[in-house]
Amino acid sequence: MAGEDCVRKRQSGSTTTYRTSENEEMQRRPEGERSFQNASNGRVDVDHVITRKMQLIAEAEQLKPAFMKEVDSHFTEFVNSLVAKSALLDSSSSLFPAPCSEKDLHKAKILRAPPEHGKIFTARRSLLDELFEVSHIRTIYHMFIALLIVFILSTLLVDFIDEGRLVLGFDLLVFVFGKFPVVFCTWLCMFSATVIVPYGLFFQWAQGYCSSSHRVIHSLFYGMLFTLFQTVGLGLGPTYVAVSYALPPASRFIVILEQVRLVMKAHSFVRENVPRVLSSVKEKSSPVPVPRITQYLYFLFAPTLIYRDNYPRNPTIRWGYVATKFAQVLGSLFYAYYIFVRLCIPQFRNSSQETFNLRGLVLCIFNSILPGVLILFLVFFAFLHCWLNAFAEMLRFADRMFYKDWWNSTSYANYYRTWNVVVHDWLYYYAYRDFLWFFGKKFKAAAMLSVFSVSAAVHEYVLSICFGFFYPVLFCLFMCFGMVFNFILNDRRKGPIWNVIMWTSLFLGQGVIICLYSQEWYARQYCPLENPTFLDYLKPRSWSCHMQM
């Protein structure tokens, strides 16, 4: 009996100890789990499970943005570091093969920066191609297509009501792209001359430079010939054809933009290869590094303004992708046609006959914002994305960074760098950096001002020749507001409010451009001069047309 009592005491003691430890474990558990276990009593409490699940989902959603931001920042740092290291390795292998003396370093400073110090080309896709893989971004693209359908339906219905039949003519497109044979012949002459003259002059200079006893005179002679070709052959020639043959606006745009493109490409070819020849002569190496004509010809078609002997290439050509891009360019042309027909022509057709007043000008500017912004988007999408990607695909050109995310810019400095990377690279390496090389690095503000001046002058030159009159609206916007915003909205502005300010000013600028240039165009149509002088081409006609009417 005594043994049995002892066993019972031990069992009861162990049971008590087990329950005590279980209670302590329950106390240590989270409150949600204790309530769940108490409420369940052996059965699953469905409401509690759902509540707990929703709490976990909410916590995960709160952690998700911070986690994705952290991953994105680390990934961006990793990629930038990788690209920088690879560029450093590529340049170090060719630029610094061995330790240099102070004398060699001084000689290197005297020479211009070789091509390896410039832009590094890498295989990468265009940003919109990557973004269109996201269904949310692709929906925005579909919304623009739906807006085009609305413009088409509006035009057809209005024409049917006015004319009693469907009017499917595209008289505006036929007019602006008129005299196409003249355009094609002019382009063919420009391109052929750019293939033969710059390459021939450079080849002759490079071959004779080594053996010449008067190298400075030899270089000045060929430099003057090249400058003469750039200013007269590619400069005055196409401009004379566009004006003398009275080419319509779009045809003039083709000729003048090709003129500017070929001038920039010829300059890049000479600028990148002359330092290589000078370096090889100083090192007494042979043969003289002259690129092959096929490399130069590829560069003339490639969607870049920076010359390299070789570019990263894709293994295959996706002809379906090429057809899609050209179809999108054609669709953008029709889109622009319907924007002008529905939003611009009805507004400006009779504006030049009305008396000028401040209220009418303000209304004109704000009514022009929508078509101006749509035209801005179409120019970006049709040319910088579709056209350049189509030629890049046909040439297997792998570096497709023709633009960056300019729409996220919080400063105009960043906007100018990311809107058109192709032109920005040329201006940065051949205008800005060469200016600093020539005058010194302490003149950065003067270098920036010179780049702005060159860019504004070229933009205004293109518009003046293509429209047939001089009305420096874009030049004033560039040099006045563009320069001011470039310093006020600088890279230190990072908040979203600065992106809103950037977009607001961009919208207003597009409204001013569309309004004033359209008014001037119709004023010169309604108020022509019989024997215009040179000053008549410079004086705005829209300021006095209503008085003549």
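Residues numbered from 1 in each chain as written. Predicted model: local features only at pLDDT ≥ 70, side-chain atom pairs only at ≥ 80, totals over all residues. Heavy atoms only, no water.

When you go through the protein chain residue by residue, the secondary structure sums to 21 helices and zero strands. When burial is assessed residue by residue, the protein chain has 37% of its 549 residues classed as buried. Restricting the contact set of the protein chain to residue pairs at least 6 apart, pairs at least 24 apart contribute 74%. Carbon and sulfur atoms provide 67% of the accessible area of the protein chain, an area that totals close to 33200 Å². (Helix = DSSP H or I, 4+ residues; strand = E, 2+ residues; numbered from the N terminus. Buried < 20%, exposed > 50% of the residue type's maximum accessible area, 1.4 Å probe, protein only. Contact = heavy atoms within 4.5 Å. Areas by Shrake-Rupley, 256 points an atom, 1.4 Å probe, with all protein chains shown as cover.)

This paragraph deals with the packing of helix α10 (residues 249–282) against helix α11 (residues 293–301). One way to put it is that α10 packs onto α11 with a least axis distance of 10 Å and a crossing angle of 145°. Taken as a pair, α10 and α11 cross one another with a handedness that is right-handed. The residues of α11 that touch α10, namely those facing Arg261, Lys265, Ser268 and Phe269, are Tyr296, Phe299 and Leu300. (Axes fitted to C-alpha atoms, helices over the stretch in contact; angles between N-to-C directions. Left-handed = near helix turned anticlockwise from the far one by under 90°.)

All right, on to the packing of aromatic side chains then. One pair of aromatic rings is described through two measures. These are the centre distance and the angle between the planes. Applying the stated criterion to the full structure yields 52 aromatic pairs. Ring geometry for Tyr298 and Tyr311: centres 6.0 Å apart, planes at 35°, overall tilted. With a gap of 13 residues between them, Tyr298 in helix α11 and Tyr311 in the loop between α11 and α12 (319–348) connect regions that are remote in the sequence. Side by side, Tyr298 and Tyr311 carry an identical accessibility label, which is buried. (Phe/Tyr/Trp six-rings, centres within 6.5 Å; stacked < 30°, edge-to-face > 60°.)

Even without a glycine there, the phi angle at Ala246 is positive, about 50°. Counting through the fold element by element, Ala246 comes out in the loop between α9 (215–244) and α10. Within the chain, Arg396 stands out as a residue other than glycine whose phi angle is a positive 60°. Within the element layout of this structure, Arg396 appears in the loop between α14 (369–394) and α15 (412–418). A residue is classified by how much of its surface remains accessible, and Arg396, at 26% relative accessible area, is partly exposed.

A word on helix α18 (residues 473–488). Across its 16 residues, α18 extends 21 Å between first and last C-alpha, which sits within 8% of the 22 Å expected from 1.5 Å per residue. Most pronounced at Gly482, the bend in α18 amounts to some 35°. Buried within α18 we find Val473, Leu474, Leu477, Phe478, Gly482, Met483 and Asn486. Buried-residue contacts for α18 involve α15, α17 (444–467) and α19 (496–526). (Expected span 1.5 Å × (residues − 1). Bend = angle between axes of the 7 residues up to and from the residue.)

So, about the UniProt feature "active site" (unreviewed entry) in the protein chain. Taken from the UniProt record, the annotation "active site" (unreviewed entry) applies to His459. Examined against the element boundaries, His459 turns out to sit in helix α17. Classification of His459 by relative accessible area gives partly exposed; the value is 36%. Filtering out sequence-adjacent residues up to four positions away, His459 remains in contact with Leu474 and Phe478. (UniProt positions renumbered as here; feature names shortened; annotations may be inferred.)

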